Amino acid sequence: MNPFTLLIIYFTIFSGPMVTMLSSSFFLMWIGLEMNLLAIIPLMVNKSNPRTTEAATKYFITQATASMIFLLSIILNYKQLGIWFPQPQTNNLASSLIFISLAIKLGLSPFHAWLPEVTQGIPLNASLLLLTWQKLAPMTILFQIHQAIDPLIIILSALASVLIGAWGGLNQTQTRKIMAYSSIAHMGWMISILPYNPSLTMLNLLVYVVLTLAIFSILHPHSLISMKTMSLLWNKAPILLPSTALILLSMGGLPPLTGFLPKWLIITELLKNNNPVMATVMAITALINLFFYTRLIYSTSLTTFPTNNNSKMTLHQTSTKNYFTLPSATAIGTLALPLSSLMM
């Protein structure tokens with residue numbers, strides 16, 4: 001792709017969430033979401049083939065539907081209150097429609113079915129943007145208007161998301177689908193605490209973005225698209241094996257790694273607000289998530305699959321891959337737990 005075209009695309013992708021996050025008008029938020037939607041599609045079909053075309057079409061249809069619902073909800077809000085700004089007085093229909101549209105954009109259950117299929121069909125760099133940067137704008141809107149949304153709807157969607165994110169990833173062998181179901185589960189954790197302590201939602205989002213960036217910094221340079229290809233990482237870049245294991249264990253929320261911090265704080269906050277059932281269910285589903293992360297670690301670090309001599313020789317070749325973000329993302333994603341007192 002033309003470098004000038006790429007520059008415009010990435011600038012638009014960067015500007016879309018910025019417009020949404022810095023605006024207080026629903027209409028400007030909608031414009032930022034549309035900028036985000038239209039800019040990422042060329043990256044999805046950069047390597048044109050039937051899979052990427054299908055994935056980009058699915059993404060466009062679902063996101064356009066969500067944008068239409070969001071526009072309808074802000075028109076209803078304007079008809080009721082006469083303003084384009086979020087208010088706690090927004091009626092239940094408009095607030096429910098806003099939540100549905102944002103749930104579709106975030107891939108929350110029961111509107112999650114598009115996310116694994118789209119993530120699987122696009123390149124790894126586009127998958128990284130889809131699972132991280134594309135979440136910022138909808139989550140910011142949710143953060144601003146959570147008081148107008150019925151907490152019961154949020155909690156039910158959060159429970160369904162963590163359950164589907166856990167069970168859906170169990171039998172997957174494709175790394176992009178595993179990351180997609182991991183995203184669904186993490187989104188469920190984020191919105192579960194939204195009615196009680198929205199700042200923890202932002203903390204969880206930050207930790208999730210850092211961990212996802214770290215794992216894709218390993219997947220993308222070596223095109224690790226399945227568990228089979230991950231099993232050959234030991235003879236491509238053996239120094240990455242400890243980093244891969246630490247990042248995946250942190251994503252699973254295993255103490256004393258950074259990924260344990262948001263889960264610990266969220267469960268504590270749920271117990272403080274007399275919601276022990278939800279805290280228990282979410283803790284159990286976190287164990288299921290940890291299981292399929294452990295499967296990835298097992299296939300990467302603890303087994304040596306049968307390989308021919310040519311592939312074994314790659315161990316002795318000098319790696320030309322660049323890992324610009326990996327050291328800092330790994331350090332933050334695994335060693336930040338002692339800073340929990342400052343974050344709290």
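For the structure, see preceding data.
Cut-off values and rules
- Residues numbered from 1 in each chain as written.
- Predicted model: local features only at pLDDT ≥ 70, side-chain atom pairs only at ≥ 80, totals over all residues.
- Heavy atoms only, no water.
- Helix = DSSP H or I, 4+ residues; strand = E, 2+ residues; numbered from the N terminus.
- Buried < 20%, exposed > 50% of the residue type's maximum accessible area, 1.4 Å probe, protein only.
- Contact = heavy atoms within 4.5 Å.
- Polar contact = N/O pair within 3.5 Å; in protein donor to acceptor, adjacent residues only side chain to side chain.
- Phe/Tyr/Trp six-rings, centres within 6.5 Å; stacked < 30°, edge-to-face > 60°.
- Lys NZ or Arg CZ within 6 Å of the ring centre and 35° of its normal.

Trainee: Honestly, the environment of Ser-183 in this entry has me stumped. Any pointers?
Mentor: Assignment of secondary structure puts Ser-183 in helix H9 (residues 175–192). The class of Ser-183 is buried, set by a relative accessible area of 0%. Separated by 141 residues in sequence, Ser-183 and Pro-42 have C-alpha atoms that sit 22 Å apart. Setting aside residues up to four positions removed in sequence, Ser-183 forms contacts with Leu-115, Leu-131, Lys-135 and Tyr-208. Within polar-contact distance, the side chain of Ser-183 engages the side chain of Tyr-208 at 3.1 Å.

Trainee: Could you clarify how one ought to interpret the packing of aromatic side chains in this entry?
Mentor: The geometry of an aromatic ring pair is captured by two quantities: the separation of the ring centres and the angle between the planes. Within this structure, the stated rule accounts for 6 aromatic pairs. Plain terms: the ring middles of Phe-14 and Trp-133 are 5.7 Å apart, the flat faces sit at 10 degrees to each other, and that makes the pair stacked. One end of the pair, Phe-14, is in helix H1 (residues 3–22); the other, Trp-133, is in helix H7 (residues 133–145), with 119 residues separating them in the sequence. Between Tyr-59 and Trp-114 the ring centres are 5.8 Å apart and the planes differ by 55 degrees, which places this aromatic pair in the tilted class. Of this pair, Tyr-59 sits in helix H3 (residues 50–81) while Trp-114 sits in helix H5 (residues 114–121), and the two are 55 residues apart along the sequence. When its relative accessible area of 8% is taken as the criterion, Trp-114 is described as buried. Of note, Lys-263 hangs over the ring of Trp-189, and the distance from its end group to the ring centre comes to 5.2 Å.

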